Amino acid sequence: GVALLALRSIASIPSMHDMLATNDIAFADELRTFERPVEDFTMYAASELVLDGAETDVVVIDFARRRADLGPVDFLRRHHEVHEEARDGLVAAGTRRVVRNVAVAPAARGYAYDTITEYWFDSVDAVSAAAEVLGSVRAASADHTILGASTTLVTRVLLRLGRDRP
């Protein structure tokens, strides 16, 4: 299945693999994110802390695909501007942490996302309460992303191994 993990220790790999490889829900998410089932997939990304805060139990993950007529530099500049403009609204809506992950190497066939943005919340109810603000961020992204080819997932942290990321 699809698992976006910042593993805190190499010792966590066997338990994470067992949990994900036997999970039908993860497989369904995989088919929403990739064009076909994927094995042995690795993606390299540079992570940038957009809003500093604690890692919580619920994360909204936004997979964004840049418009073909926009270069990578212009795409990232606009992505940054949208999040700067939305910062106060995101905080007021209960967002605890925002991390932008930018793909820095060619990805597996069928995975054509340029950024993966993490929005951390205290609960699923907090995500629901922030839906309007998240929707406005998504709408403001229409000038630099292909909204119909982008995907947003609400996820729950199942297991934490190691220390929190800085």
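Rules used throughout
Residues numbered from 1 in each chain as written. Predicted model: local features only at pLDDT ≥ 70, side-chain atom pairs only at ≥ 80, totals over all residues. Heavy atoms only, no water. Helix = DSSP H or I, 4+ residues; strand = E, 2+ residues; numbered from the N terminus. Buried < 20%, exposed > 50% of the residue type's maximum accessible area, 1.4 Å probe, protein only. Contact = heavy atoms within 4.5 Å. Expected span 1.5 Å × (residues − 1). Bend = angle between axes of the 7 residues up to and from the residue.

Peer 1: Can you help me understand the overall build of the chain in this one?
Peer 2: The secondary structure content of the chain amounts to five helices and five strands. When the helices and strands of the chain are placed in sequence order, the string is α-α-β-β-α-β-β-α-α-β. The buried share among the 166 residues of the chain stands at 36%. When contacts within the chain are restricted to residue pairs at least 6 apart in sequence, long-range pairs at least 24 apart make up 81% of them.

Peer 1: I keep staring at the environment of Ala129 and nothing clicks. Help me out?
Peer 2: Within the secondary structure layout, Ala129 lies in helix α4 (residues 124-129). When its relative accessible area of 62% is taken as the criterion, Ala129 is described as exposed. Spatially, the C-alpha atom of Ala129 lies 6.9 Å from that of Ala93, the residues being 36 residues apart in sequence.

Peer 1: Explain the environment of Gly94 here, please?
Peer 2: Along the polypeptide, Gly94 turns up in the loop between α3 (72-92) and β3 (97-103). A relative accessible area of 15% means that Gly94 is categorised as buried. Through-space distance from the C-alpha of Gly94 to that of Ala130 is 6.8 Å; in sequence the pair is 36 residues apart. Those residues in contact with Gly94 that lie beyond four places of it in its chain are Trp120 and Phe121.

Peer 1: In this structure, what is going on with the environment of His83? I would like to understand it.
Peer 2: With respect to the secondary-structure elements, His83 resides in helix α3. Taking the C-alpha atoms as reference, His83 lies 9.3 Å from Ala140; in sequence the two are 57 residues apart. Excluding residues that lie within four positions of it along the chain, His83 makes contacts with Val50, Val98, Arg100, Thr117, Tyr119 and Val137.

Peer 1: Even after reading the chapter, I still don't get α3, so can you show me in this structure?
Peer 2: Owing to its 3.6 residues per turn, the α-helix aligns residues three or four sequence positions apart on the same side. Over its 21 residues, α3 extends 30 Å from the first C-alpha to the last, a length consistent with the 30 Å expected when each residue adds 1.5 Å. Along α3, the helix axis deviates most sharply at Ala86, where the bend reaches about 55°. Those residues of α3 lying buried are Phe75, Arg78, His79, Val82, His83, Ala86 and Leu90. On its buried face, α3 sits against β1 (45-51), β3, β4 (115-121) and α5 (131-140). Immediately downstream of α3, the backbone of Gly94 shows phi near 100°, a positive value.

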